[in-house]
Amino acid sequence: MDEREAVAAYGAAWLEPEEGRRRALLEACWAEDGRYEDPTGLAEGREALLRHIGGFHAARPGARIEIT
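What this report covers is the structure whose coordinates are included nearby.

Structural notes on the overall build of the protein
Each helix and strand counted, the protein has 3 helices and 2 strands in total. If you list the helices and strands of the protein from N to C, you get α-α-β-β-α. Reported as C-alpha extents along the three principal axes, the dimensions of the protein are approximately 30 × 25 × 20 Å. Taking all 68 residues of the protein together, 29% fall into the buried category. A separation threshold of at least 6 residues defines the contact pool for the protein, and within that pool the share at least 24 residues apart is 40%. Of the accessible surface of the protein, which amounts to about 4,600 Å², a share of 50% is contributed by carbon and sulfur atoms.

Reading the values: rules and limits
Residues numbered from 1 in each chain as written. Predicted model: local features only at pLDDT ≥ 70, side-chain atom pairs only at ≥ 80, totals over all residues. Heavy atoms only, no water. Helix = DSSP H or I, 4+ residues; strand = E, 2+ residues; numbered from the N terminus. Buried < 20%, exposed > 50% of the residue type's maximum accessible area, 1.4 Å probe, protein only. Contact = heavy atoms within 4.5 Å. Areas by Shrake-Rupley, 256 points an atom, 1.4 Å probe, with all protein chains shown as cover.

This is the structure:
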């Protein structure tokens, strides 16, 4: 997977409401022990990021992340 494909998979993971599909996208682009941090939270590891994105969907139904 090249850099563009990784960024596309990462962006798609943020847009994916279904956990199983979101997990597959993150498995393709995010290290198992990767760390994500933003003003709303910290996710250490792929599974934690999977849950963090799920929380984003739950808290903001219909919201979108745009890759620019």
